[in-house]
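Inside the fold
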Amino acid sequence: MQADYNCAASLRLSTSTHHDPRRAQALRRIRQDSFHSYLKSSLTHAKVERLLEPEVLASAEGDLMITGPALCLYFAALRCTTVPPSVPLPRSSKSAPPRELTEANCPPAFLGFLRVWASTVSKIQNLLPEHQHDLARVICGLQPLAQPFNPAVSGIAADLRAVAIEISQRRSFQDRYASDLQAALDAGSSGATLKVKTSFVPPPAYDGPSGLDAKYGTKYDRGKSRSPPASPASVFPPRTPSPMLFPHNSPALERIRQILYAALGDVLAGNMELGRLLKRDPPRAYFASVSLAIVEVGTRAVQSDGSIDGGAGMQLTVGECPDALKPLMVELGDIGKQVKKMRHEDTEAAIKAAQRGDEERVPRLDQLRRMLQGGVGFDRGARDGDGEQPVRRGSVEGRTVAFSNRINTLALNISKVKTFRERQHEVFEILSAVCGS
């Protein structure tokens, strides 16, 4: 992929490599290796600090694919010493020149995400040490310890996790993440102890119809199986049901799939930008479509009791779901309730603005949709003449970003469920048909 997470490990090197494909490929490999070296050390540090227990590293929990890159971004911010901020990277040797990611050498598709990270650097470095530790804990899903709690921590964590979600979507990251987790698990272990193995298995590559196949990743699946091992050699059971363990033939799961995919038509109607995104970055278009479909289902199908009514006899309650599927269904229902609450608040705000004669602000629900489609950095422009980043409007806790992360995390977990994985080519067919690509 042209716009993958490589930018997260970019070097201060010449960007004029498009004339030499072999040199460009070599540089992408260097960037990948640098990023994963940093990621391994970040995961190991988190294990030593007991931010991530070995059983979490060994599990196949969907959130772990977000936590790792978010920690990497957090440690990169702590180590940053440049103005404007750049991502410091490990050197290949002590005598090698410094490596870093800057706006000058970051792939264009990731510039917005780099700017989001850069906007957090001074905030992170200015936190008190105990609040910095709380930030790492929040990233890892742990409760903060400092009292009183610094509310800015939540907003910073939301931004870091939002960028991590973008990284976690990329196939080049997914294929190497298991080895990163394993390296962290192996660090500090003695040969006499039972070796713990991670059960993380990357989801299959995004499929696409006809011409998309060769270009965007089905090569990862051709000629070899990517099914998870029958019994991972882990001494720890997963703490929560993994999407890989959902029942494959569940009628409830099939109904959720049909309701979500039916919502795609409304999502795509008249959405020209999503069509352009499909041509430019098919994996991103797929993921954005699933996330937007979740919002659409929440807007029109989730009922007050948490059940889903997709019309045409497509009703589903939490009680009808197998135990392993209930958390996914509950989360979908809770997100739906929050979407409806947001829509109601937007309507009330618009009415009050009209009564006062004020200019109507952009509804939060519209901001959410734009964020899900374009990523957390969709509204980040270049620095101004003083080197300052444009500041995104919103509460210090980043409520919209945090809610976007929640939806994206659900979409990421849904994409791992076998029933969805096996039929994901249908999403590309719908995308291509509606968007005319």
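Everything below is about the structure shown above.
What this report covers is the structure whose coordinates are included nearby.

Observations regarding the environment of arginine 343
In this structure, arginine 343 sits in helix H13 (residues 326–356). Looking at arginine 343, the relative accessible area reads 37%, which means it is partly exposed. Aside from chain neighbours lying at most four places away, what touches arginine 343 is Thr299 and Leu365.

Notes on the nonpolar core
Counting 106 residues, the largest nonpolar core has Trp117, Leu135, Tyr177, Ile256, Leu260 and Ile294 as the members making the most contacts within it. Take this core: its biggest share by element is eleven residues, from helix H3 (residues 64–79). The contacts of tyrosine 177, once residues within four sequence positions are left out, are Leu39, Leu43, Leu64, Met65, Gly68, Pro69 and Phe200.

Side note on the environment of leucine 260
Within the fold, leucine 260 resides in helix H9 (residues 251–262). With relative accessibility at 3%, the residue leucine 260 sits in the buried group. It is 9.9 Å that separates the C-alpha atoms of leucine 260 and serine 289, two residues lying 29 residues apart in sequence.

With respect to the packing of helix H12 (residues 282–300) against helix H15 (residues 399–416)
At a closest axis distance of 9 Å, the pairing of H12 and H15 adopts a crossing angle of 115 degrees. Taken together, the axes of H12 and H15 are roughly perpendicular relative to one another. As for the relative orientation of H12 and H15, their crossing is right-handed in sense. In this structure, H12 contributes Tyr286, Phe287, Val290, Ser291, Ile294 and Val295 to the contact, and H15 contributes Ile407, Asn408, Leu410, Ala411, Leu412, Ile414 and Ser415. A class-by-class count of the residues in the contact of H12 with H15 yields ten nonpolar, three polar and no charged.

Considering the pattern of salt bridges
Summed over the entire model, instances satisfying the criterion amount to 15 salt bridges. Notably, a salt bridge pairs glutamate 53 with arginine 50, separated by 3.0 Å at the nearest N-O pair. A relative accessible area of 23% places glutamate 53 in the partly exposed class. According to the relative accessible area criterion, arginine 50 is exposed, its value standing at 53%. A network of salt bridges, in which partner residues are shared, links Glu331, Asp334 and Arg406.

Reading the values: the criteria
Residues numbered from 1 in each chain as written. Predicted model: local features only at pLDDT ≥ 70, side-chain atom pairs only at ≥ 80, totals over all residues. Heavy atoms only, no water. Helix = DSSP H or I, 4+ residues; strand = E, 2+ residues; numbered from the N terminus. Buried < 20%, exposed > 50% of the residue type's maximum accessible area, 1.4 Å probe, protein only. Contact = heavy atoms within 4.5 Å. Core = buried A, V, L, I, M, F, W, Y, C linked by side-chain atoms within 4.5 Å. Axes fitted to C-alpha atoms, helices over the stretch in contact; angles between N-to-C directions. Parallel < 35°, antiparallel > 145°, perpendicular 65-115°, else oblique. Left-handed = near helix turned anticlockwise from the far one by under 90°. Nonpolar A, V, L, I, M, F, W, Y, C, P; charged D, E, K, R; others polar. Salt bridge = Lys/Arg side-chain N within 4 Å of Asp/Glu carboxyl O.

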